[in-house]
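Here is how the chains run, residue by residue.
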Amino acid sequence: MTSATNTRDVEAPTPAEDEKFLRIGQAMMRMRLLTGRRMIGRLAIQNVAPGLELSHLDVLDVVRRAEGTGEVTVGTIAELLRIDPSRASRIAADMVARGVLRRKASQADARRIVVVLTALGQRLLSEIQVQKYAVIGSIFADWSPEDIESFSFLFDRYVSGYERVFQANMKETTD
């Protein structure tokens with residue numbers, strides 16, 4: 001294998017690598033199906049907030065993350081979730097009606113409306129995080145602490161490499 005990130009520069013795998021890459025590719029496909037069906041999010045909703053939808057979880061997470069970098073508008077939600085602003089507006093309005101988000105005037109520009117998590121929204125996020133950790137914990141229940149630690153570093157390294165290759169190839173197509 002070459003160390004190049006351009007997928008066109010990669011040499012054909014050896015038979016031993018081919019078997020390993022096949023196993024990784026098959027595991028990735030199974031993982032994609034599980035994440036595509038959003039199993040952890042569905043379990044969290046089922047156990048914490050049966051009235052919410054997956055899109056509500058997405059908005060909660062986006063608002064939580066974006067609040068750390070500044071004020072969150074419906075436009076911010078739409079941009080980060082890559083959805084139409086009118087859809088983001090409808091979801092935000094529903095969450096305001098449920099008491100999970102609250103609208104308020106921007107401190108930077110009073111003409112602009114921002115959304116913030118309410119105490120209920122923060123509690124839901126905390127409870128959902130506990131549910132997600134419980135699922136992840138049950139996955140690793142029969143793993144040794146050393147295996148979990150190794151996997152955590154290797155998985156992060158894998159995902160970082162995936163991002164690097166993807167970004168390099170996307171940059172190539174836009175140049």
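Residues numbered from 1 in each chain as written. Predicted model: local features only at pLDDT ≥ 70, side-chain atom pairs only at ≥ 80, totals over all residues. Heavy atoms only, no water.

As annotated in an unreviewed UniProt entry, the chain carries the name DNA-binding transcriptional regulator, MarR family and is attributed to Rhizobium miluonense.

**Q** Explain the environment of V135 to me, please; I cannot follow it from the model alone.
**A** Along the chain, V135 falls in helix α6 (residues 119-139). Placed 92 residues apart in sequence, V135 and L43 show a C-alpha to C-alpha distance of 8.6 Å. If near-sequence neighbours (up to four positions away) are discounted, V135 is found in contact with I40 and L43. (Helix = DSSP H or I, 4+ residues; strand = E, 2+ residues; numbered from the N terminus. Contact = heavy atoms within 4.5 Å.)

**Q** How should unusual backbone geometry be read in this particular structure?
**A** Glycine aside, negative phi is the norm for most residues, and most peptide bonds take the trans geometry. Its identity as a non-glycine residue notwithstanding, R82 has a phi of 55°, on the positive side. Take R82: it is sitting in the loop between α4 (74-81) and α5 (85-97). Overall, R82 belongs to the exposed group, its relative accessible area being 77%. (Buried < 20%, exposed > 50% of the residue type's maximum accessible area, 1.4 Å probe, protein only.)

**Q** I would appreciate a short explanation of the UniProt feature "domain: HTH marR-type" (unreviewed entry) in the chain in the present structure.
**A** Mapped onto this numbering, the UniProt entry gives "domain: HTH marR-type" (unreviewed entry) at residues 17-160. Within the segment residues 17-160, helix and strand shares are 71% and 7% respectively, and the terminal C-alpha atoms sit 20 Å apart. (UniProt positions renumbered as here; feature names shortened; annotations may be inferred.)

**Q** I tried to follow the layout of surface pockets on my own but got confused; where do I start?
**A** Over the atoms rolls a probe the size of a water molecule, and in doing so it shows where empty space is left. Taken as a whole, the largest pocket holds about 1,400 Å³ of empty space. Lining the largest pocket we find 35 residues, and of these M31, T35, I40, I136 and F155 sit closest to its centre. Mapped onto the lining of the largest pocket, the elements with two or more residues apiece are α1 (15-36), α2 (39-48), α3 (54-67), α6 and α7 (145-174). The biggest single contributor to the lining of the largest pocket is α6, with nine residues. The residue inventory of the lining of the largest pocket, partitioned by class, reads 23 nonpolar, four polar and eight charged. (1 Å grid on protein atoms, 1.4 Å probe; cavity = no way out; pocket = protein on both sides within 12 Å on 5 of 7 lines; lining within 4 Å. Points joined across faces, edges and corners; volume = space filled by probe spheres on them. Nonpolar A, V, L, I, M, F, W, Y, C, P; charged D, E, K, R; others polar.)

**Q** What am I meant to see in α5 here?
**A** Structurally, the α-helix is built with 3.6 residues per turn, so residues lying three or four positions apart point the same way. The end-to-end C-alpha distance of α5, which contains 13 residues, comes to 18 Å, matching closely the 18 Å that a straight helix rising 1.5 Å per residue would cover. Buried residues of α5: A88, I91, A92 and M95, and no others. Seen end-on, α5 carries its buried residues on one side only, within an arc spanning 100°. For α5, the exposed residues lying more than 90 degrees away from the buried face are R90 and A97. Packing partners of the buried residues in α5 comprise α3, α4 and β1 (101-105). Of the residues flanking the end of α5, it is G99, one or two places downstream, whose phi is positive at about 80°. (Expected span 1.5 Å × (residues − 1). Arc of directions from axis to C-beta.)

**Q** Teacher, can you tell me more about α1 here?
**A** In this model, α1 (22 residues) spans 31 Å end to end at C-alpha, consistent with the 32 Å of a helix rising 1.5 Å per residue. R38 occupies a position one or two residues after α1 and carries a positive phi of about 55°.

**Q** Mind showing me how you'd approach a nonpolar patch on the surface here?
**A** Judged by side-chain polarity, F21, I24, M28, W143, I148, F151, F155, Y158, V159, Y162, F166 and M170 come together as a nonpolar surface patch covering roughly 1,100 Å² of accessible area. Of all elements in the fold, only α1 and α7 reach the threshold of two or more residues within the nonpolar patch. No other element matches the eight residues that α7 contributes to the nonpolar patch. Note that F21 resides in helix α1. According to the relative accessible area criterion, F21 is partly exposed, its value standing at 37%. (Patch = residues over 30% accessible without salt bridge, like charges linked within 9 Å, V, L, I, M, F, W, Y side chains within 5 Å. Areas by Shrake-Rupley, 256 points an atom, 1.4 Å probe, with all protein chains shown as cover. Salt bridge = Lys/Arg side-chain N within 4 Å of Asp/Glu carboxyl O.)

**Q** I'm lost on the side chain of T118 in this one. Help?
**A** The topology assignment puts T118 in the loop between β2 (113-117) and α6. Owing to a relative accessible area of 16%, T118 belongs among the buried residues under this scheme. If near-sequence neighbours (up to four positions away) are discounted, T118 is found in contact with G99, V100, L101 and R102.

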